[in-house]
Structure formats: C-alpha cells, structure tokens
6 protein chains.
Amino acid sequence: MAQQLAGYTTFKYFLVTSVGPAVAHVEINRPAKLNAFLEAMWLELGQIFRQLSTDPEVRVVVLSGAGNRAFTAGLDVQAASQDSPLAPGRQDAVSDVGRKATLLRRHIQEFQDCITAVEKCEKPVICVANGISIGLAIDILCCADIRVCSRDTKFSVKEVDIGMAADIGTLSRLPKVVGSSSWVKDVCLSARYFGPAEALAVGFVSQVHDSKAAALDAAFKLAELISSKSPIAVQGTKELLNHAQDHPVDESLRYTGVWNSAALQSADFQVALLSGIQKKKPVFEKL
Amino acid sequence: MAQQLAGYTTFKYFLVTSVGPAVAHVEINRPAKLNAFLEAMWLELGQIFRQLSTDPEVRVVVLSGAGNRAFTAGLDVQAASQDSPLAPGRQDAVSDVGRKATLLRRHIQEFQDCITAVEKCEKPVICVANGISIGLAIDILCCADIRVCSRDTKFSVKEVDIGMAADIGTLSRLPKVVGSSSWVKDVCLSARYFGPAEALAVGFVSQVHDSKAAALDAAFKLAELISSKSPIAVQGTKELLNHAQDHPVDESLRYTGVWNSAALQSADFQVALLSGIQKKKPVFEKL
Amino acid sequence: MAQQLAGYTTFKYFLVTSVGPAVAHVEINRPAKLNAFLEAMWLELGQIFRQLSTDPEVRVVVLSGAGNRAFTAGLDVQAASQDSPLAPGRQDAVSDVGRKATLLRRHIQEFQDCITAVEKCEKPVICVANGISIGLAIDILCCADIRVCSRDTKFSVKEVDIGMAADIGTLSRLPKVVGSSSWVKDVCLSARYFGPAEALAVGFVSQVHDSKAAALDAAFKLAELISSKSPIAVQGTKELLNHAQDHPVDESLRYTGVWNSAALQSADFQVALLSGIQKKKPVFEKL
Amino acid sequence: MAQQLAGYTTFKYFLVTSVGPAVAHVEINRPAKLNAFLEAMWLELGQIFRQLSTDPEVRVVVLSGAGNRAFTAGLDVQAASQDSPLAPGRQDAVSDVGRKATLLRRHIQEFQDCITAVEKCEKPVICVANGISIGLAIDILCCADIRVCSRDTKFSVKEVDIGMAADIGTLSRLPKVVGSSSWVKDVCLSARYFGPAEALAVGFVSQVHDSKAAALDAAFKLAELISSKSPIAVQGTKELLNHAQDHPVDESLRYTGVWNSAALQSADFQVALLSGIQKKKPVFEKL
Amino acid sequence: MAQQLAGYTTFKYFLVTSVGPAVAHVEINRPAKLNAFLEAMWLELGQIFRQLSTDPEVRVVVLSGAGNRAFTAGLDVQAASQDSPLAPGRQDAVSDVGRKATLLRRHIQEFQDCITAVEKCEKPVICVANGISIGLAIDILCCADIRVCSRDTKFSVKEVDIGMAADIGTLSRLPKVVGSSSWVKDVCLSARYFGPAEALAVGFVSQVHDSKAAALDAAFKLAELISSKSPIAVQGTKELLNHAQDHPVDESLRYTGVWNSAALQSADFQVALLSGIQKKKPVFEKL
Amino acid sequence: MAQQLAGYTTFKYFLVTSVGPAVAHVEINRPAKLNAFLEAMWLELGQIFRQLSTDPEVRVVVLSGAGNRAFTAGLDVQAASQDSPLAPGRQDAVSDVGRKATLLRRHIQEFQDCITAVEKCEKPVICVANGISIGLAIDILCCADIRVCSRDTKFSVKEVDIGMAADIGTLSRLPKVVGSSSWVKDVCLSARYFGPAEALAVGFVSQVHDSKAAALDAAFKLAELISSKSPIAVQGTKELLNHAQDHPVDESLRYTGVWNSAALQSADFQVALLSGIQKKKPVFEKL
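Residues numbered from 1 in each chain as written. Chains lettered and ligands numbered in written order. Predicted model: local features only at pLDDT ≥ 70, side-chain atom pairs only at ≥ 80, totals over all residues. Heavy atoms only, no water.

**What to know about the relation of the copies chain C and chain D**
Superposing chain C onto chain D takes a rotation of 180° combined with a translation of 0.0 Å along the rotation axis, leaving an RMSD of 0.0 Å. The superposition operator between the copies reduces to a two-fold rotation axis. For chain C, the residue whose C-alpha comes nearest the rotation axis is Ala262(C), separated from it by 2.5 Å. In this assembly, 100% of the residues forming the interface of chain C have copies in chain D that are likewise at the interface, indicating an isologous arrangement. (Least-squares fit on C-alpha atoms with pLDDT ≥ 70 in both. Contact = heavy atoms within 4.5 Å.)

Put into structure tokens, the structure is as follows:
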C-alpha cells in the first residue's frame, strides 16, 4: 500500500500518499458521505495544494476520491446550511441586505481561493473522476490540468438544481476547458447528467477507462512519465499554458520570452540535450 | 395550435407564441422567401428579444424559422441593395468616401445591435436550425445559447461569396462557439456548405434530429426543463457564462462573487434546497 | 513541374513555386535533414511570409515540407547549440546572468517574430503536415489558418524533452487552436506523439488524407477555391477572425464595423453581387 | 436670443438652441429646482444626445444648466424615492432580494446608458458648470470632452452622503479624467466640496471664468473654432481619443490605422491641405 | 495617549492604536532604524491589513512611521542580504539559475502580496509620510488611497541605486497614481529625491502640512469624517474606484451595476436619505 | 564639438553623436526646412532607434532638432502629397476604395512602427523640444521617456488643421502621458498652440529652460546621471513602467516578478549594494 507523504499526515479529510518518486496522490477521504465537502474540507484542500505547489519532493499530483462510489457529490448541503453565512443562525445576526452581501462575497472568495489553489499549484495536477462527480466536483475538475475518468462516472453541473448559479469556478472555467459553447450552456442550464462518452467527445476528459482502478493506473503512469522530465520545463509549460488561456497571443509571447530568459539558463536544458545525444535517461534536480 | 403571446402580436415578420408555461416560441415568418431578412426584420428581431429579456412571463425562448425549407437564407440581398446606405440611390446622396464610411459604420452597428439582442436576452435562447441556414443565419445562431438542428440543415458562412467579410457577428463569435480554429477558418474562408454531422462533430450544434419537427420537439422539452428551474439560477448562469467567455478566469471569479452576493439572498435558494430535501417539485416566482 | 515564383528565387532553404494563378506553394527545403531548422531558415521563413503578405500576385499560400519523411523535425538542435546565445562559445562572452537573460529575450523575440509572420501574413495560409512534425513544426502549424495532414504524420510538442518550455508560439496558440484544455495539457506536458486521428478528433487538423500527395492536392484545391473569391472579402475575413480570437465580442464587433466601413465601398461587393445574380464567375482585382 | 433647434423642440426639461452655424446649446431647464433630475429628465438627456450624435446640422455641442444657481443639484432625491425600483410602493411589489437586485441592475444600466450617451455622442461636447454642481452633475461632466466652469462653481461627488457609491459613471470615469488618484479618492470618499481653483489644478476643468456668462462665451468661442474644422477630422479625433483611454497603445494604434484607412480618403483631407497652401478658409461638408 | 487596538497587540514591529471610534492608526515601529523593513515586518504588515480589511470595529485606517525621522527608509538592505534567497548562504544551496529564478519569483510574489494587502484592505487607508520616505516607502504609499505628507519629507524611488528595478509595486502603480508620465520616468530612472512641493504639484500627495504632527492631525480629521459616513457607501466607493482604475469604462459600469444591485438594498441608503431630510446625524451599523 | 557615433554615420537626415561615455545624441538634421519629415526620414528614425536599442555602447539617448527654430514642423506635407499612397499619381494607379484602404492601412502601420521604435528603444530616451514642435513632433515626443523644452517652444497637435485625425501615435499616447482628459481633448480638437508653461502645468514636459542650449545641457546632465546607474536596473525600470501603463496592476506585478527573477541574479545588484556600503562609485558592465 502507498505510503503517506511526510508533511501531509495531519489532514482530517484528505489522504496524501507517495506514488513512486515525485508523484503525490491526494485522495478526498470521506467516502461514507460520497466525499461530500464540508467547509473544513475545502480549507484543507487549499492548504494541501498550496503546500504541494512549492514542495520540492513532488513533481506531479494525482487527485481522486476515496472509495468506488464518488469523486465527490459536491458540497454537503445539509452541513453547509448550518455553517454558511446564509445559515439561519447567522442570518439572524446580520439582517441588512448590504451587509449580508458583503459577508457572502467574502465567503465566496475564500471558497474560490481554495479551489483555485488546485489550478495555481505549480506542479501538474491529473484528476481522476469516478462515480458521482457533481456540483463542486466539476469546479475542482476544471482546475486540474488533465482529466481522466472511469466508465461509471456520472457528471453534472448541479447548481441550478439548488437554486443558484455555480460560483466556485465552473462557470468561469468550463467555457475555456471545452470547445463547444452550445454543449456548455446545455449542461450548465439544465443541470442534466452526462457520461464519459459525452465528456470525451467534447474534450472535457481526455481518457476514459473501464474502472476507477484502471483510470488511476493510467493517471499514475502519465504522472510518472511527466515526473521524469525536467521540472523546469514541465512547470514552465504549465505556467505558460495557463497564462496563454487568459491572454492575447502577443501578450503570451512577450511573457514567454521573459520567462524563458531565466529558465533557459537552467542546467536542465544542457542535461536534457546531452541525454538526448547520449541516449541516456536524464536526471534532473528537484524544484 | 400554439397561442400568440400577449404583447408580441403586432410584429409583421415574426410569430411569437406560447409553448407551455413560460416558454416563448419565436418564428421568423417569411417562409415564401426562405425567411430571408429585410431591414425591417432585423429591427423587429432586436425589438422582440429586448422585450423578452425582461418579460416576467417568459423564462426560456425557442427561435426557429417558419416552414420546412429554411431557418433563414440570410439577408435578402436584392432588397438590401435598395435599402442600404450602399444602395445606388443613397450612394448619389453621399459620394464622399469618408462620409459614406461613417454612414456604413453606423448602419453596421445598428444591425449588429439588433442581432446582439439575442445574445443579451437575459433568458436562455435555444435555436432550431433546419434547411437553408446561411449567412445571417450563422450570425443569429452564434448568439443563441444552445443550438440544435434537423438532419436536412445546410449551413454556410456565405458572406465571402458576396464579396464581403461577415460583419454582423459570425466572425466575432464563431471562434468562441466552437473549439477548432482550423475548421472555423476553413468554413469562413471557403464559404462552403457543411452539414449536421460536421456541425455536431465540431460542437457547433449539440443535438441533431431526424426532422425539423423532432428538433423543435427536443428544443421545447429542453426549454420546459430549464423553465422549471429557478429563474434566478438560470439567468445568473447565462450571464456568468457569457461574461466568462470574454474575461480571464480571475476577472470572472470576481464578477461571480459580486453577482451571487445578491442572488444567494433570493428565496429561490431556500425553496430549491427544501424541495430537494422534501422531494417535491419547487415553484419559483417570476423574474 | 511547378514554376518558381518570381521574387522568391534567392532563398537557400525554401522553394517557392506558383500553383495555378494566385496560389503560392512554400516548401521547407532541407529534406536530407528532415527539414530541421537552422537559424538562417527561420530568418528566411519570416522574410518570405512578410513578402507574401503584401504581394499582389498571391492570394493564398500553401506551406509544406519537402520530401516524404517530414514536415519538419523542428529546430536543428545540434546546429543551434553552436549558433545560439546559449552556445558554449557565446556563453563565455557573456557570463552575467542578467545580461545573458537580455540576450536570450531578444533572441527569442526575433525567433517568435519570424514564426508569427506566418500568422500575420494577410493572405490565408494552408499548412500540410506529413511524417515527422515535431517541436517547431507545431509552432508553425499553429500559425497557419487551416491545417491538413497525411495519415503518416507523427506530431509531438517535443520541447519538454529537451528541458525547456516551448517558447516560439505553441504554448501561446495551441489553447486557442483546439477546444480541449485537458488534451492540450496532456500533449504539452508529456511530449508524447499523437497521430492524425487524434489530431482530427480534437480539431487540430481539419482534414486527414491517405498520403502527402493527396493532402497537398486537397490543400491546392482548397487554395484555388479560396483564391477565386474576392481578396477584399477573404483577407478581411482572416484579419477579423484573428482579431476575434484575442478580443471580447464587443471589441471585435466594433473593430469589424470600422473595418467594413471602408471594405464595403470596394467594387468587389458589387462585382460579387452582380455575378451571383447573373450566375457568372466573378473576376476580382489583385490586392 | 438664440433660436430653438429644429427637431429638438418637444423636450420638456431641456432647451436646445442654435448658437451660430453648427453649434447646439443644450440647457438643463429646471432652474426652479436647481436643475435637479427626475427620471424623465435623464431619459430625455439620453434621447437628445443620441439624436445630436448623428445630426448633420450639428458639429459641436455645449451643455449647461439654465439659470445662475446650478449646473445641476443632481438627482431629485425626493422624486426618486417615489419613482425608483426602491420606492416603498414598488418595494412591496417585489420583496425577494434576488428579484429586487435584478430590477435595480436593469434600472442602473438604463440610467447609465442615458448619461453615457453624452460620452458616445460623435460630436464633441463642451460642458459649462456653474453654481451647484454635485452628484449627477459630476457623472455628466465626466462624459463631456472639455469642461469649463465659472468661479462660483461648487463641485461635490455627493453620493456617499446619501449612503451609496456613485453608480452612474463618476467612479468609472473620474480616475481617467484627472491624474491624481489621491485627490480622486479624497473627494469621492469624503463627499466634500471643491472649487474651481482645485478643479483646475488637478485638471478636472481646463478653464475657469469669472462668471457663468463668461464661461459660456468662452465655450461658444471654442465650439465655433472646433466647428470650423473638418468634421471627419474632429469626430475621428474624439473617437480615437475615447478608444485610446480604454486600450493599450498597440491596440489603439491598430484601430487608428483601420479608422484612417477610410477617413483619409475623404475630400476633407484634400480641401484642408489646399486651403492651407492657398491661405483660404476651408469649407467642409456636413457629417 | 492612544490605546492599543484589541486584536493587534502581538505584532513586534507595528503599533496599532485606536484613534476615536472606528479609526485605526497603524505605525511602522522601528524608529531607531528609520523604520527600515525586515522580512518579518512586511509579513506583519500584510497580516495587519488583511485583518483590518474585515474588522467590523474599523472603518478607516491611518498609516504612518513612528518617530520624526522617517516614514521608512525602505528595505533594510543589510538584513535582506542575509535573509533573502539571494543571500550568500542560500545561494550556495541553490546554484542553478533556473531554480534560483523560481525561488526569487516566489519570494517577490510573497513580498508583493503583503504590500498589496494595503491596497486590497476594504477600508480606506490614509498614508502620512514624513522625513525619509524612500524605496519601499513609495511602494507602500502607492497602495494607500489618500497620501498626505509633512514639509520635511524626502521621497525617492531609490531602487535603481541598488542595481535593481523596483519590483514590489512602485513601477506597477505610480503611472496610475499620478498623471505625468514624464515625471514618473524622471524620478524612477534617476532615483533622485523629490520634495513635498513637487509631490503636490504632480498629484502624488494631496495635502502638505508643516509638521508630521499637523499632517497626522489632518489625516485623523479626514479619517473621522469618512468614518462617519455609511460604510456600505464608503467601502463600495473604494472598491469601485480600484476596479475602475484597471478596467475600461464599459466594464466598470457593468461591475458597478451588479455591485449596487445588492448595496442599494442596504438600510444605509434609507438611513442617509432620512437623515438628510431630517437634518440629523445618521448612525450606520458596522461592516 | 561632439564626435559622430561609430555605426551611425551613414544617415542622411540625422546626426548621431557621442555625448560623454554611453550617451548618444540624435539630431533631426534638416534645419533649413524646420526639420520637417520626409518619408525617408521616419524610415531612418526607426532604423536608428532599433539600432540604439541593443547597442551596448549606448545607455541613454537624447533626441532633439538641429538649429534653433524647430524641434520639427511635422510631416513635410508638400513632399508627402507626392510620396504617399494618397498622392495623385498613385491614386490613379489604385482607384478602388477597398484596395486604397488596404494600402493606406499598411502605410500608416509602417509609419507608426518607425515612431514606435523610439518608445520601444530599450534605453531611456530624453526628448528636448524647442521652437516649432507641431504635428509629428507631438507623436515623437509622446514616445520619449522624459520630455524637456525651452521657453520658446510652440507646441500644437496640428492634424485636424489638415483635415485628419492624428494617426501616428499622439491620440493613442497623449491620454496616458498627461493626466487631464479635458486638456487633452481641448488641444487635440482645436489644434491650438500651447506653450511651455501650460505643458509643464499639465505634466506634458517635466522641465522648462530658458534656451535650447540650457534645455539640452539639462538633458545631457540627466542622461549622464542615468547612464551612471546599472543598465540592468535602468532598462528594467523602463520596460516595467511601459508595461504598467498598459496593464492592470495585478498583471504588471506578475510580469515584474518574472522579469526580476532573472535580473536580480545579475552582478549589478551585488556591485551596487557593495558600492553603497563602501561609498564608492560603482562600475557596471555594458548591456
């Protein structure tokens, strides 16, 4: 069995293990509740990915849900109705609409920031979805770099069914994650379920596997492949692709030039070139 | 037969009917001319969608062409050559290139504004294409939220064939509506026809049906599904997806937080939550 | 055999021929080395496309690699290790990290500018890939308007394998060229090969043909079709699509209105309209 | 006395007169109430400036307040408390916070659009402030191209004093209208009054005169000077400066090139050049 | 003497006191070293302003330096040369240029984030400069909303004198804080000192006072005035002005409409209106 | 007398001399014609500044006009009427409005690019205006980093007087160069003259001197001061300020962090720090 990763053993709702050298496996670990999220969980998620982002022992992260029933069933709505600034108790405390709006805005931003930590993690993140993957599941999946799933996955942008527009990232990122706006609007406005075949066809996931185990295995293999490359190259590639998504081409080229003016002075460039010529497996320093 | 919607009975070229509670059906109604557009028609189109946008009786709009031959064959070029600022008569009146440019610019903007009214309509718009769907048809389809079509649809970005770059929205929106720039450039530069299979493969439409009737039927079903959800949630989702398409992720998240700071104080959120728990069909107020 | 195009006969590494009226065929011409690029080659590439951009004899450009083994194997790394500012000799000359960064930044920008010349060429560019098409091949392909390939093509975003993030345009443009971010991250982070079927499915290419000859033939046919249309319409369409890709819809509509305020005063508009009515093949002036 | 301008005689709250050839003078005409705005007034203001924008008889507009006591005292708050979606009566009708937010958003946008019509008017607008010039006065002044005032003017960004952030344009435009962010924050956060000397020093106005009459006179003289120039040149200059304010330099240069590709083909360019050589006063066609 | 503010008593390098109701006074408290910053200090600064941002007891913040000799002499360079990732010791640990670049980038971002906390503080911040105010002093001052100073202040954008471009915010914000780019380039490229008169003339500060005591006194008065207004109005005004600075006018208007759709439903609006009519001093709830 | 700078002796219309170590003085050298520009001249200007940009012998550039009568009287309109795509002869050659628009657009862009070369020059540019400084003079002055002038300078944004909107940069840059939009609109719409006092008050220039000689002298002194600083620091400061002008604060901070991740590894940082401690004049390598 995989070993827990040093420095990540104190989290209550997440299991972080080491999968081969330099690959971390983060598991949402509340399987009895379909991995549904409490406030404490997204705070932990943010903390874990901020730590992984600069952890030199880790080069690639695989994120999945514990158990075979769900990646996550999203926000634990029952619990949230007690925790959140909208919970009856807290509503009493603040009745002015303007002040409640301020509390809500701050609350949403804090929640968003924790999920965004997955996107901002400097190391590539491969997400493995299975079973129930709805609501917050889509927000998280959109932050991953690469998405794979098992054949039993049931996806849904579920928020309109609880009377709200998704506000933790799905609506901001999904239009940039897949190419068909007609499909994006369809699934976001109807809250209908969609399966792996549809997810693959529109490009939401890039691999579908027969089981969660097979999907995880494929994710680990891909993670190991990526982790064997120069971390300077890999992390630069992630940063530049993320930047490109949100900038015009000329801006992206300018940023790229400045980025590589330092990165190309790394030893990795020489090491990789030499290894290519010598047909040897290159070894790169941590980052 | 469907009933005409109160408040929309005076339009000459459009038929607006009520399809079940809260779904409006807008038909381009000049079938004898393949629903080709006169200037009066796009002015009416703009007016209709601006009115629908804030009409509390309507939650979802389905837009199609009357008859079985065409969604629309685009601008009625023959008529346009008499109406437009470029028509011979008006050319005499204004011969200075700079002044004619000013008139053209204003004319294009007024035309664009009317078509953009479909995109800006606060209610979701489902477009059903069939038969001839060329030129202005594509401009309009790009403004819809969800696009479906029948198997006999013949699409074409036709403008280069009349010696001009499309300027009413196709070139501005198509690159954001589908994911393959190679395909977009191909159909826009060659003005070639493409069919439903190709449209589905690239994501331009998200459903293809055997006949116009079947396509309309599917659109109505989807419209009814969406219209049964909270209008606060649905209209917020449309607005946030439209905003996301044109903004970086961080901008979109910031706007989303401010948007939901008011929307989450709506009763719909509580109503929907409660209905979920009680397994009852929620009822939402108009918007 | 095709005839060399006047004004383009002095290039050492490129063959520029005339393919029917108004279509130029540019071939990367170093087949013995799999068309791998030396610094002199990308300088020539930039020069050729800047010249084609305003050459009134040319309306469409087809770009391919000479021979049957490769579009291009990318940068000639061995040669580059001697030419570039990072080459050992030049490293001695400039040892300060800050100054070397300045040289690198200028070098990358000059390289980018040459490849960007393909994108900025005012005439449509159709790229035909075959065989080995890796590294710089992808940077160049991303600048083309339309991409087709033969069944034997082997694509790879190869840069991470030489220890660097791609900096000549692939990372800036690929996310806008295809719709699936999961796929883009997958191929860019893993540097794995992908073939024509995958390229077609994600929309990276829009046609796959059985052989390079068949692919070229299809490209020439498409080029001839496009070259028969109004150059005012075609070049305006390219410019407006390129602008749209990097701007919000409202910005794009505003720019389009100003653009067409002059373009619609061209005779091409009348010529094309009249030809349509008279069922004659229109003839357009050069541009 | 100045003559009313044909086509503008039906407005209830505005007097539009002709001041020499091609200069229109718009007066806010509710002096008994310090020109305070009712909803009907900002609707009229929008209508007037949309009409002036394309009226070929008018080349420059001067905007001032009737009487000697005020440019305008801003929104007529007492009246607004009955008209607005927040008025008690209408509050009863809509009690849901989310729905009321929707109504408010639409109301603010309609109000903004009317004031923005001053900025979007294609003809230059010179604003003359005097006496009380607070609240909405600043929103309107920020939309003018050139601001002058009399020595008795009392300015204030008054909105925080009625418990709200200014939302009709002051906060959006003032930071771009003057150069000192410290001063902008000071007057917007404190709602304090500031006078002509301070307004001139920070660049909010560009001229201060001893009396309203003198200020108006100076505005008319400047308007006449500008109206004697080529309207192609003048209106192009306004459009390009407005575009530049909100775009990076490279975007602005690109837009400018496209704009002038039509404008430079106007006869005005030749007329002005020739007049310069022949030392004659040029005469330009209407626009 | 002012009382320390509850919740802010544990900071080592900052003194946070209460100045009248709802005004906090933050003092950089290392006067023996001219308030020069250690790494621990900017970490504390960030922490303090993040806490003040949502502290309901505080409505306005005044920031100054302890003692009469300096606001701050900037970074304690001697100390920094031991702490920073560039310090000799740490240089040994990481010698690869690419990896050192990564550490530096992360370090700069963390430093920037702490200073940006002053700008992002939801409550208005008034900065009082005196004596030596160089280097990091300017970075901090640029983040304040309102800047005042005493007659003995000596400002300098000092960074080029230590061989670096300022990277903690001065170069990003100063061009937006004052209106003359010629002056900005002059002081940033030459690192020369400039005094209060020059700072006032270009709009860098908006008030100059004879002594630090007088400047502080004026700042407290202004803070008290602002703190007596509706916090909904004041904090909305700050947010909307900050947003406007970095967005085109149409974006800013759109964001403003959404913002106020919640804020205008606050009781503050009614309270302020009523107070105005009743000529009473309004009392607003905390925020 | 100053010595001509090696590598810049072949220009026909510009004199480039060396003023002390590392300062180049570029003079527009057609004093008999008030330094009015021919097409050949702006092509040379572009060439000179592109060369200076990467010339390691030069750290600061001073740009002025030869003689005592003018910085430049702008475009030599008489000559331009023969050279330009609008000249009668060339008008015959291309009569189609659309094609002429294309030629004009390309012509304007080439002209803009040459003037933009002054802005893009990596070394700081100090411009000294005197006497007649109109039309193109303002376009060029706006590209300089620092502007000084003599007391006899007569400025004018002259273009509307020749029937056109300025299209070589003034309208794109002036709103960002000074802080008062009212003043910018005033001088651009009226084409009136303005003098040094007004230019200083609005921040267009940052110094005014009694004579051209005194202004030049001050510019040389400032140039020498700047040239004595670290070129890594100075050129980075220019680049980051130019970037900041056209980007939101968060974008600018991100770019700054990446930029300095390489720049801070330069020896200049250590050299400058050490010199400060040792009170010695630092010596920096070329760049």
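Following the structure, the description resumes.
**Observations regarding the interface of chain A and chain B**
Listed as interface residues are 40 residues of chain A and, on the opposing side, 44 residues of chain B. Roughly 3500 Å² is buried in total at the junction of chain A and chain B, and carbon and sulfur atoms are behind 64% of that figure. Viewed at the interface, chain B and chain A are joined by two salt bridges. Here chain A and chain B share 17 residue pairs in polar contact (both at pLDDT 80 or more) between them. The class makeup of the residues in the side of chain A that touches chain B is 19 nonpolar, 11 polar and 10 charged. (Buried area = accessible area lost by both parts, 1.4 Å probe. Salt bridge = Lys/Arg side-chain N within 4 Å of Asp/Glu carboxyl O. Polar contact = N/O pair within 3.5 Å; in protein donor to acceptor, adjacent residues only side chain to side chain. Nonpolar A, V, L, I, M, F, W, Y, C, P; charged D, E, K, R; others polar.)

**Regarding the pattern of salt bridges**
For the coordinates displayed, the defined rule picks out 102 salt bridges over all chains. Asp96(A) is the salt-bridge partner of Arg99(A), the closest N and O atoms lying 2.9 Å from each other. Between Asp246(E) and Lys176(E) there is a salt bridge, and its shortest N-O distance comes to 3.0 Å. Pair noted here: Asp246(E) is in the loop between helix H10 (231–245) and helix H11 (249–263) and Lys176(E) is in helix H6 (residues 170–177), with a separation of 70 residues, a long-range link. Just as Asp246(E) is buried, Lys176(E) falls in that class too. Among the ionic contacts, a cluster of salt bridges with common partners joins Asp96(A), Arg99(A) and Asp268(E). (Helix = DSSP H or I, 4+ residues; strand = E, 2+ residues; numbered from the N terminus. Buried < 20%, exposed > 50% of the residue type's maximum accessible area, 1.4 Å probe, protein only.)

**Describing the sheet that holds strand S4 (residues 60–65) of chain B**
Strand pairing in a sheet relies on backbone hydrogen bonds. The paired strands run either parallel or antiparallel. Overall, mixed pairing links the seven strands, which are arranged S1-S2-S3-S4-S6-S8-S10 (chain B) in an open sheet. Looking at which strands have only one partner, the edges of the open sheet turn out to be strand S1 (3–4) and strand S10 (207–209) of chain B. (Pairing = 2+ DSSP bridges.)

**Examining the packing of helix H10 (residues 231–245) of chain A against helix H11 (residues 249–263) of chain A**
Residue and element names in this part refer to chain A. Where H10 meets H11, the axes come as close as 10 Å, and the angle between the chain directions of the two elements is 160°. Classified by the interaxial angle, the pair formed by H10 and H11 is roughly antiparallel. For the element pair H10 and H11, the recorded crossing hand is right-handed. Contacts between H10 and H11 pair Ile232, Gly236, Glu239, Leu240, His243 and Ala244 from the former with Glu251, Ser252, Tyr255, Thr256, Trp259 and Ala263 from the latter. In the contact of H10 with H11, the residues fall into six nonpolar, four polar and two charged. (Axes fitted to C-alpha atoms, helices over the stretch in contact; angles between N-to-C directions. Parallel < 35°, antiparallel > 145°, perpendicular 65-115°, else oblique. Left-handed = near helix turned anticlockwise from the far one by under 90°.)

**Re the interface of chain C and chain D**
Residue-level contacts link 10 residues of chain C with 10 residues of chain D. Counting the surface lost from both chain C and chain D, the interface buries some 900 Å², and carbon and sulfur atoms represent 56% of this. Of all residues in chain C, Arg254(C), Tyr255(C) and Val258(C) bury the most surface against chain D, accounting for 54% of the area lost on that side. At the junction of chain C and chain D, the tally comes to two salt bridges. Arg254(D) is the salt-bridge partner of Glu239(C), the closest N and O atoms lying 3.1 Å from each other. Here chain C and chain D share six residue pairs in polar contact (both at pLDDT 80 or more) between them. For the side of chain C that touches chain D, the secondary structure elements donating two or more residues are helix H10 (231–245) and helix H11 (249–263) of chain C. Of the residues forming the side of chain C that touches chain D, the biggest block, seven residues, is contributed by H11(C).

**Examining the state of the cysteines**
Residues and elements named next belong to chain F. A full pass over the atoms with the stated rule returns zero disulfides over all chains. The cysteine Cys127 is free of any disulfide, with Cys143 supplying the nearest cysteine sulfur at 8.9 Å. The exposure class of Cys127 is buried, given its relative accessible area of 0%. (Disulfide = S-S within 2.5 Å.)

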